[in-house]
Each structure stands twice: as C-alpha cells, then as structure tokens.
Amino acid sequence: MKTLLIGGTGLISSGIVKALKTRGADITVLNRGRTEDRLGEGIRYLQGDRNDFTAFEAMVAAAGPWDVVIDMICFNPAQAESDLRAFAGRCGHFIFCSTVCTYGNTQTILPTDESCHQSPLSEYGRNKVACEQLFLRAHAAGKLPVTIFRPSHTYGPGGPVINNIGWGPTFIDRLRRGLPIIVSGDGHGLWQSSFSEDVGVGFAYAAGNPRCFGQAYNIVREEVFTWDQYTQRTAVAIGAPAPRLVHIPTDLLVAIDEARFISSLGEIFRYHGVYSSAKLRRDVPEYNPTTALESGIRQTVAWLDQHKKIEPAESDPFDDRLVSLWDAFTHDTVKVLGPQK
Ligand SMILES: NC(=O)c1ccc[n+]([C@@H]2O[C@H](COP(=O)([O-])OP(=O)(O)OC[C@H]3O[C@@H](n4cnc5c(N)ncnc54)[C@H](OP(=O)(O)O)[C@@H]3O)[C@@H](O)[C@H]2O)c1
C-alpha cells in the first residue's frame, strides 16, 4: 500500500506512521523538515511546503500515483483545492483530517455522532467544514474516494498537556508544586481525551478500506470525564499532590482576557466535548483505543521533560493573580451577603 502522509512527523501523524508500519505499508511523508522526526527507519521523505501549491502538486504527482494519501494539515479550501488538483485520478483513497470543532455547540444529543448538524463556532471549524464539503463533492463526482476523520482532543508525546483554560506550558509545573489550578464554571463540563498512537491506528486501518469511502468518522476515546476529574487524574498520573481546584465562571475568564481565552476556552473547552466513535469501531474493528489517560499523560510529560518544554509557574503570573483576586472576592461576598453570625 503506497501511502503518502502530508505532515507525517506531527502529533497524530506520527501515530499513524507507527500503525502503518505495523501494516507493512510503503510510507512517504511530505513536510518542511522542521518538526522533530520520531518516525524511525524505513520511511521515504519528500521535502517541501504544501502552501507552495505549484511545487507541491508537481512533487506529489512525480512521486505518485498513490494507493492512499492522508492529509493531516489541510486547514482551508485553497489547500483542499490544491489536493484535488494533485490527487484526483492519481490516488486510490484520500483521507482528510478534519475536527469535531465542525459540530459547534448546537448538538441536542450527547454523545455527538456523525449525523449531528455541523454548525461550527470558530473560523478553524468553518474552514474545516468547507474542506470536508469540497472533498465529499469530489468523491460524489467520482474524482477520488474520500474519507473524513474528525478527531477530538488528541494528545501524546510531541504535543502539550492541555488544561481546562488553555494549553499554557505552566500547567504541569503548577500541579507538581501544588499550586491552585483554575477550572472554568463548576468543573463539571464533560470532556474526552484520546492518545495519539490510538488515534493513529484508526487512520491507518481505514486506509484503503472500501467501507470507509465516502464516510465521515469521529475518532475519539469514548471515556468521559469532567474537567475536575481530568485535572485530578493528571495530578495522580504524574505523582503530584491533589490539586486545589478554583472554579471561576467562564464568562468572567473570557471577559478578563478574550485574546487569551477565546480560541481554547471560549470556543471549545466551555462546551461539553463528548463524541461517539461507534461508527468507526463498526467499520474499522482494529480501532480500539486502550491507552488510559494516566498512561498517556505520563508518556507525554516524559517527552515534555526531555524536551524542556515545561515552563515554571512564575513565567506566567496570570493564574496566581486571578486566584488571589477571586479568593478575596469570594471571601468579601460571603462576609457581606452570607448568613450574619
Ligand atoms: N491534536 C488535536 O487535539 C486535534 C483535534 C482535532 C483535529 N486535529 C487535526 O489534526 C491535524 C494535525 O495533526 P498532527 O497532530 O499530526 O499535525 P501536527 O502536529 O500539527 O504536525 C504538523 C506536521 O505537518 C508538517 N507541516 C506543517 N506545516 C507544513 C507545511 N506548510 N508544509 C508541509 N508540511 C508541513 C510538520 O512538519 P514540518 O514542521 O517539518 O513541516 C509536521 O509533520 C490537523 O488537521 C488538526 O485540525 C487535531
């Protein structure tokens, strides 16, 4: 199975390559050669920038045709159009990595499945929907067999450990030192997290599978936890003390610093993120995401430590300043409005 990954050395794509190796695929990755390469032996490389459309299309045409192409880094319709020029008629199966952010927050049923209406909140989600539609139209027109994958939060070595209010690099240091951790709302928002190597198996075993042609799949580990539980379990996983969780209203956080919070908390983490992968498990039975949150977090934090990517809490005083103001507000409000002693 002659397979091209556009990207290939990134977080999810490294997991796909690992699983494709298990399948014995012939693997080529196309990227700029900037991201750390953890792929090991037996990979072919094409070096280039996918946004240089003329050079990109010529390079992949010359190296093709392909049995399977997996595009991990298509984020807008111009890139999707470039893919269609490059691969229509030269590719047996095209897989597009989209996102659950295409659904937005209008779902009335949880877990969200692929039949739910797509009404994205963010520009990122709207662009991914536009790409999905371009690819599915090309599929319907018989130009190339297409499959859409919609990952939810996916983490692992090569990426950060997120927290409920963002992906700032001080979270792990705060946990280790027992500093307060801000969780938005009442901490009961629902969340799922999937380990990158598990997600890679789903992509790799869908590759070339005719049951997947013309289909869209959520790809998640379906265990659901609250953000409080996520934070507490992350602390346990890394041997940190039980964290003091400080619950602050989401609207207040966004009002304080919209630029800081909008693309994480404001558009994503404030909403329940609960999705079904039943359709994928039906069509790709090899997809069996078994990595427990604790194990995945330990592997990710080991990578972050090794690469010195964990920042000390002092490098971002925002959380401590906000917690002390919130504590004072809570204390004063209870004193003024609470039952008089
Ligand atoms: N992680 C999540 O929680 C999550 C959730 C939903 C959806 N997704 C989707 O997952 C995809 C990201 O997957 P990933 O984690 O494997 O990717 P990634 O970590 O973002 O890695 C990016 C890869 O693409 C290459 N690259 C970046 N810009 C390039 C360019 N202009 N030309 C050629 N190569 C380029 C990088 O190598 P070089 O830097 O060396 O070029 C690297 O191999 C996106 O489509 C995203 O929407 C992720």
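Cut-offs applied
- Residues numbered from 1 in each chain as written.
- Predicted model: local features only at pLDDT ≥ 70, side-chain atom pairs only at ≥ 80, totals over all residues.
- Helix = DSSP H or I, 4+ residues; strand = E, 2+ residues; numbered from the N terminus.
- Expected span 1.5 Å × (residues − 1).
- Buried ≥ 20, exposed ≤ 12 C-beta atoms within 10 Å, placed from the backbone.
- Contact = placed C-beta atoms within 7 Å.
- Core = buried A, V, L, I, M, F, W, Y, C linked by C-beta atoms within 7 Å.
- Axes fitted to C-alpha atoms, helices over the stretch in contact; angles between N-to-C directions.
- Left-handed = near helix turned anticlockwise from the far one by under 90°.
- Nonpolar A, V, L, I, M, F, W, Y, C, P; charged D, E, K, R; others polar.

Asks: Can you help me understand helix α9 (residues 258–269) in this one?
Replies: Between its first and last C-alpha, α9 extends only 14 Å over 12 residues, short of the 16 Å set by a 1.5 Å rise per residue. Every buried residue belonging to α9 is among F261, L265, G266, E267, I268 and F269, and all of these are buried. On its buried face, α9 is in contact with β8 (181–184) and α8 (250–256).

Asks: Please explain the nonpolar core as it appears in this structure.
Replies: Nonpolar side chains in soluble globular proteins tend to end up buried together. The biggest cluster of nonpolar side chains holds 81 residues, and the ones touching the most others in it are I16, I70, F94, I95, F96 and F203. Once you skip the residues sitting within four places of it in the chain, F94 turns out to touch V69, F87, F135, L144, P145 and V146.

Asks: Can you walk me through the environment of E81 in this structure?
Replies: If you trace the backbone, E81 turns up in helix α3 (residues 77–87). Considered as a pair, E81 and C131 are 50 residues apart in the sequence and their alpha carbons are 8.4 Å apart.

Asks: Sorry, what's going on with helix α12 (residues 318–337) here?
Replies: It helps to recall that an α-helix has 3.6 residues per turn; residues three or four apart then point in one direction. Between its first and last C-alpha, α12 extends 28 Å over 20 residues, near the 28 Å set by a 1.5 Å rise per residue. Across the 20 residues that make up α12, only a small minority, 1, are buried.

Asks: Help me understand the packing of helix α2 (residues 53–63) against α3 in this model?
Replies: Two quantities define a packed helix pair, namely the angle between the helix axes and the distance between the axes. Where α2 contacts α3, the two axes come as close as 9 Å, and the packing angle between them is 35°. Where α2 crosses over α3, the handedness of that crossing is right-handed. Residue-level contacts link F53, F56, E57, V60 and A61 of α2 to S82, R85 and A86 of α3. Considered class by class, the residues forming the contact of α2 with α3 number 5 nonpolar, 1 polar and 2 charged.

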